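# Structure at a glance
The lines below spell out each chain.
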Amino acid sequence: MKQYDLYALGNALVDIEIEVNEQELERLGVEKGVMTLVDEERHDYLLSHLHGNIHQRASGGSAANSVIALAQLGGKAFHSCKVGRDEAGVFYASDLNSAGVDNGLHQLEDNHGTTGKCLVMVTPDADRTMNTFLGISSELKEQDIHFDALADSQYLYLEGYLVSSPEAHLAAISAKKHAQANGVKVATTLSDPNMVRFFKPQIEQLLEGGVDLLFCNDDEALEFTEQSDIHLAMDVLKQSAKQVAITLGKKGAIFFDGDKLHTIEAHPVKAVDTNGAGDMFAGAFLYGLTQGYSFADCGKLASFAAGHLVTQFGPRLYGKAIDELRAFNQQNFTK
């Protein structure tokens, strides 16, 4: 038995979410619906000039959202990331600890940098637009990997956003090699259309030699494979991953389990915020896999979890919403 179900490597970002209209994005020159890397000055400028309803902050980052989702379902996770020893870093470490995710962030005194921040702008169509200042996350190195914890995990999860930083990209490749050498399965995600658009060679390097499981949405799949049809894109992605999960928004998702293709319908909900939906999907899916669920049941659980998330603001569930997710899992999949 492995100590951890999931070991994740990703950017540590304090999310600040604000409801805005599309005119605000146009006024401030923000590209809608994608993640854009910005410097701290631009991030702070946007935060001070956007007019809208600001929600509570959260310890974000794609991989963090996924490991917290897995932990909320009862899984055991370890997350390696990097924050500064500033107030935001202390908040981030505390938030991760409160979620029950093991980590190495007690060594904050060694980190002389600024914790990363992500401004998440949510428009009335529930779409999320992110402007990200990576801060010290861009300095994530191989030395930040806890190799013993990684080797003692069922799965390694690598967020695609890591390829935007040369050092973090190398750390991800090192983690993948260590995982494969120790019999740990590797899952990764394409993360965002802009990651594919601007960092495709780095993603291809990360996927070189193949991974066990690849997550992406339909926009990312089509962009990466340069196909116009999602099924053709799936055929291309199979060349890089033994198993593939492609989310299709309101249309649900399709999965390839290594043998057969599955289609899962989305849960009919009224979406108000899609921030973190893909991360929640991946976290719940990986929870199911590590508990021995069938691929189809993993998809059903992940679809419910993501659908549950988008009915509220923020990248993760809290309170009663967590209980409802656990109850759904218990009633449908737990013997």
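Residues numbered from 1 in each chain as written. Predicted model: local features only at pLDDT ≥ 70, side-chain atom pairs only at ≥ 80, totals over all residues. Heavy atoms only, no water.

The protein has the name Adenosine kinase in an unreviewed UniProt entry, where Kangiella aquimarina is given as its organism.

## A closer look at the sheet that holds strand β15 (residues 261-264)
To be explicit about the condition: A pair of strands is treated as paired once DSSP finds two or more bridges between them. Counting from the N terminus, the helices are the DSSP runs of H or I reaching at least four residues and the strands are the DSSP runs of E reaching at least two. Any two residues having at least one pair of non-hydrogen atoms within 4.5 Å are treated as being in contact. Every axis corresponds to a line fitted to the C-alpha atoms, with the helix fit spanning only the stretch in contact, and the corresponding angles, defined between N-to-C directions, vary from 0 to 180 degrees.
Read across the open sheet, the nine strands follow the order β7-β6-β1-β10-β11-β12-β13-β14-β15; overall the sheet is mixed. Across the chains shown, the open sheet's two edge strands, defined by having one partner strand only, are β7 (102-103) and β15. Relative to β7, strand β6 (residues 77-80) is paired through two bridges, and the arrangement is parallel. Across the sheet, F78 pairs through a bridge with D102, a residue of β7. On top of the sheet, helix α9 (residues 230-237) reaches β12 (211-217), β13 (241-247), β14 (253-256) and β15; it is set at about 150° to β13, its chief contact.

## Quick word on α9
To keep it simple, the criterion reads: Partly exposed residues are those whose accessible area sits between 20% and 50% of the maximum for their type, while under 20% is buried and over 50% is exposed, using a 1.4 Å probe and protein chains only. This arc is taken over the directions from the axis of the helix to the C-beta atoms. Counting of polar contacts relies on pairs of N or O atoms within 3.5 Å, with two restrictions inside protein: one atom must be capable of donating a hydrogen and the other of accepting it, and residues adjacent in sequence are counted only when both atoms are side-chain atoms.
Within α9, the full set of buried residues consists of I230, A233, M234 and L237. Each buried residue of α9 lies within a common arc of 105° when the element is viewed along its axis, so the set occupies one face. Packed against the buried residues of α9 are β12, α8 (218-225), β13, β14 and β15. Regarding α9, its N-cap is D229, as a side-chain oxygen of that residue lies 2.9 Å from the backbone nitrogen of H231 further along.

## Let's talk about the packing of helix α6 (residues 166-181) against helix α7 (residues 193-207)
Each packed pair of helices is defined by two parameters, the angle between the axes and the distance between the axes. Quick note on the threshold: We call two directions roughly parallel when the angle between them is under 35 degrees, roughly antiparallel when it is over 145, roughly perpendicular when it lies between 65 and 115, and oblique otherwise. The handedness criterion is simple: a crossing whose near helix is rotated anticlockwise from the far helix by less than a right angle is left-handed, and one whose near helix is rotated clockwise is right-handed. Only Asp, Glu, Lys and Arg are considered charged in this grouping, and only Ala, Val, Leu, Ile, Met, Phe, Trp, Tyr, Cys and Pro are considered nonpolar; every other residue, Gly among them, is considered polar.
Viewed as axis vectors pointing N to C, α6 and α7 meet at an angle of 15°, and their least axial separation amounts to 10 Å. In terms of axis orientation, α6 runs roughly parallel to α7. Seen along the crossing, α6 lies across α7 with a hand that is right-handed. Mapping the contact onto sequence places H169, A172, I173 and K176 in α6 and Q202, Q205, L206 and L207 in α7. Grouping the amino acids of the contact of α6 with α7 by side-chain chemistry returns four nonpolar, three polar and one charged.

## Here's the deal with α6
Selection rule: In this scheme, a helix's expected span is set at 1.5 Å multiplied by one less than its residue total.
Taking 1.5 Å of rise per residue, 16 residues should cover 22 Å, and α6 covers 23 Å from first to last C-alpha, within 8% of that figure. Of the positions making up α6, those classed as buried are A168, H169, A171, A172, I173, S174, A175, K176 and A179. Where α6 is buried, its residues touch β1 (4-9), α5 (147-151), β10 (153-158), β11 (185-189), α7 and β12. One or two positions beyond α6, positive phi appears at G183, with a value near 70°.

## As for the side chain of Q243
Tracing the sequence through the fold places Q243 in strand β13. Q243 gets classed as buried once you look at its relative accessible area, which sits at 18%. Side-chain polar atoms of Q243 contact the backbone oxygen of D257, separated by 3.0 Å. Not counting the four nearest positions on each side in its chain, Q243 is found in contact with Y155, D212, L213, L214, F256, D257, G258 and F295.

## Overview of the pairing of β12
Our working definition: For crossovers, right-handed means that the path from the first strand over the helix to the second runs clockwise, given strands pointing away from the viewer.
Of all seven residues in β12, six are buried; the element is thus mostly enclosed. Relative to β12, β11 is paired through three bridges, and the arrangement is parallel. Within β12, the residue paired with T189 across the bridge is F215. With α7 bridging β11 and its parallel neighbour β12, the resulting β-α-β unit is right-handed. Bridge count for β12 against β13 is six bridges, and the pairing is parallel. Counted as the bridge partner of C216 is I246 from β13.

## Description of the packing of aromatic side chains
Definition in use: The aromatic pairing rule takes the rings of Phe, Tyr and Trp, using the six-membered ring of Trp, and pairs them if the centres are within 6.5 Å, calling planes under 30 degrees apart stacked, those over 60 edge-to-face and the rest tilted.
Overall, the coordinates contain 13 aromatic pairs when judged by the stated rule. Pairing Y157 with F215 gives two aromatic rings, centres 6.2 Å apart and planes at 75°, and the pair type is edge-to-face. Of this pair, Y157 sits in strand β10 while F215 sits in strand β12, placing them 58 residues apart in sequence. In this structure Y157 comes out as buried when scored by relative accessible area, which is 1%. The class for F215 is buried, based on a relative accessible area of 5%. For the pair Y293 and F333, a centre-to-centre distance of 5.6 Å together with 40° between the ring planes defines the contact as tilted. Pair noted here: Y293 is in the loop between α10 (277-290) and α11 (295-309) and F333 is in the segment after α12 (320-332), with a separation of 40 residues, a long-range link. By relative accessible area, F333 is classed as buried at 13%.

## Quick look at the side chain of D15
Rules: Residues scored as positive are Lys and Arg, those scored as negative are Asp and Glu, and His as well as the terminal groups of each chain are ignored. A pair is scored as a salt bridge if a Lys or Arg side-chain nitrogen falls within 4 Å of a carboxyl oxygen belonging to Asp or Glu.
Take D15: it is sitting in strand β2 (residues 13-19). Notably, D15 is buried but unbridged: the nearest opposite-charge side chain belongs to R316, and the N-O separation is 6.4 Å. Beyond its immediate chain neighbours, meaning those up to four positions away, D15 contacts Q56, R57, A58, G60, G61, C118, V120, N275 and P315.

## Topic: the environment of N131
Inspection of the secondary structure assignment puts N131 in strand β9 (residues 128-133). Among the residues examined, N131 registers a relative accessible area of 3% and is labelled buried. Sequence spacing of N131 and V34 is 97 residues, and the spatial spacing of their C-alpha atoms is 8.4 Å. Setting aside residues up to four positions removed in sequence, N131 forms contacts with V30, T36, V38, R42, H43, L46, K117, C118, L119 and M121.

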